[in-house]
Amino acid sequence: MATLFAFNPEHDLALAADSIAFTPPAAVGLLKKSLSLLPAIYAANGDFILVGEDFQSGNINSLPYQELVKSKKLSVVKLSELPKQKGNISKIIPWGWNKTITNELSNAGISPLLLPTDQQLSNIRRLSHRLTAIRLREFLAKSDEKLSLKMPKELFDLQDLEDFLKLHSHSFFKAPWSSSGRGIVCSSHISPKGLMEWAHGVIKKQGSLIAEPAWEKSLDFATEWWISKGEAKFIGFSVFKASSRGKYHGNIEGTQEKLKEIIKTDCPGFDPSLIELQRLGLNAILGTDYSGPLGIDMLSDSEGNVNPCVEINLRLTMGFINIPEGRKILQESNSIFQS
């Protein structure tokens, strides 16, 4: 029996849409297609990778990670081909679980035992809201007063936004469900009218907006976790590059020792005891409502201050799959929900 992996980078956008039939924007669709073989990095020998219906086997040699597909003898399958293979699949791990991919797999004949329940999907969406990151920030601030700087806030109307701007003219505003820099606007990079129009649209669609005073960052980094049976396990660090507007540009590759040295050098204010505080916070906030991979994005500024939780990603991340222990967990866990 083998695992079926799927790279669905539209996951966070699908959570926002909350639909069983979500079509991602063209740019995201192209990313999904070009990196469809990404799971080859963390798949075990003989596993399956799910690809789009337009996938042409003759083009596999032009895609990244095709050598891993061949060396690991991975099977590349389309949704339409799953009914013939479902008897060989004992576990499914997408980039992230949402209604759309769950519905697609169900329609392809995958057993409900391998899919999240409606309640589990509801929990994932609820906890993926950026309000969860605020709750963790509040937990951490209560535990260590050094972490109470520049707290984010949830806004519910344009008057709230105007009031926030009066106090923090240079701020970031974020849609509750978004990722990788999408759905993020910096007040310094948009006109006041443009900001108000964008904010009105987000609040209308998603019910609120998250605001946070801007940080003059010197380093973007993260802690990566595995959540199982209500307990958070620290897997390791990741360091990544992001633009001044918050758009993700890629991870810095290296051993954990190398990444720790980067953090130590570029973020002298980081206290390793923060990891234990994050663990306690995750346990308290998530409980048993989520199982699987999770990443906490952080940053530091030039003065050594640390933002201990910029956002929380309840899904796989590039940082997680770059850690050997993370890849091992994905291969050995019984189920993304029953690990």
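The preceding data block contains the structure.
All values reported here derive from a predicted model rather than from experimental measurement.

S.K.: How should helix α13 (residues 324-332) be read in this particular structure?
M.R.: For the α-helix, the turn length of 3.6 residues means that residues three or four positions removed from each other point alike. Of all the residues in α13, the buried ones are Gly-326, Ile-329 and Leu-330. All buried residues of α13 lie within an arc of 100 degrees about the axis, which places them on one face of the element. Pointing more than 90 degrees away from the buried face of α13 are the exposed residues Pro-324 and Glu-332. Buried residues along α13 sit against β4 (89-94), β9 (217-228), β10 (231-242) and α12 (318-321).

S.K.: I would appreciate a short explanation of helix α9 (residues 192-206) in the present structure.
M.R.: Spanning 15 residues, α9 covers 21 Å between terminal C-alpha atoms, matching the ideal 21 Å at 1.5 Å per step. Among all positions of α9, only Gly-194, Leu-195, Met-196, Ala-199, Val-202, Ile-203 and Gln-206 are buried. The inward-facing, buried residues of α9 contact α1 (11-17), α8 (158-167), β6 (171-174), β7 (184-186) and β8 (209-213). In the segment just after α9, Gly-207 is the residue with positive phi, at about 95 degrees.

S.K.: Can you help me understand the side chain of Glu-10 in this one?
M.R.: With respect to the helices and strands, the residue Glu-10 is situated in the loop between β1 (2-6) and α1. Contacts of Glu-10, omitting those with residues within four sequence positions, involve Phe-22, Pro-24, Val-28 and Lys-32.

S.K.: Help me understand the sheet that holds strand β12 (residues 292-301), please; the structure alone is not making it clear to me.
M.R.: Strand pairing within a sheet occurs via backbone hydrogen bonds; the two strands may be parallel or antiparallel. The 5 strands lie next to each other as β11-β10-β9-β12-β13, forming an open sheet whose pairing is antiparallel. The strands lining the two open edges of the sheet, one partner per strand, are β11 (248-251) and β13 (306-313). Geometrically, the sheet is characterised by an average inter-axis angle of 35 degrees between neighbouring strands, direction not taken into account. The sheet contact formed by β9 and β12 spans 10 bridges and is antiparallel. The residue of β12 that forms the bridge with Trp-226 is Pro-293. Here helix α7 (residues 131-143) sits on the sheet and contacts β12 and β13; the angle it forms with β13, its principal contact strand, is near 150 degrees.

S.K.: In this structure, what is going on with the nonpolar core? I would like to understand it.
M.R.: Within soluble globular proteins, side chains that are nonpolar generally end up buried alongside one another. Counting 50 residues, the largest nonpolar core has Leu-4, Leu-82, Leu-105, Phe-221, Phe-270, Leu-282 and Leu-294 as the members making the most contacts within it. With 6 residues, the single largest contributor to this core is helix α11 (residues 273-286). Filtering out sequence-adjacent residues up to four positions away, Leu-105 remains in contact with Leu-4, Leu-50, Leu-79, Leu-82, Ile-92, Trp-97, Ile-110 and Leu-115. Grouped together as the second largest cluster of nonpolar side chains are 24 residues, Leu-38, Ala-40, Phe-55 and Leu-316 included.

Here is what the cut-offs are and how they apply
- Residues numbered from 1 in each chain as written.
- Predicted model: local features only at pLDDT ≥ 70, side-chain atom pairs only at ≥ 80, totals over all residues.
- Heavy atoms only, no water.
- Buried < 20%, exposed > 50% of the residue type's maximum accessible area, 1.4 Å probe, protein only.
- Helix = DSSP H or I, 4+ residues; strand = E, 2+ residues; numbered from the N terminus.
- Arc of directions from axis to C-beta.
- Contact = heavy atoms within 4.5 Å.
- Expected span 1.5 Å × (residues − 1).
- Pairing = 2+ DSSP bridges.
- Axes fitted to C-alpha atoms, helices over the stretch in contact; angles between N-to-C directions.
- Core = buried A, V, L, I, M, F, W, Y, C linked by side-chain atoms within 4.5 Å.

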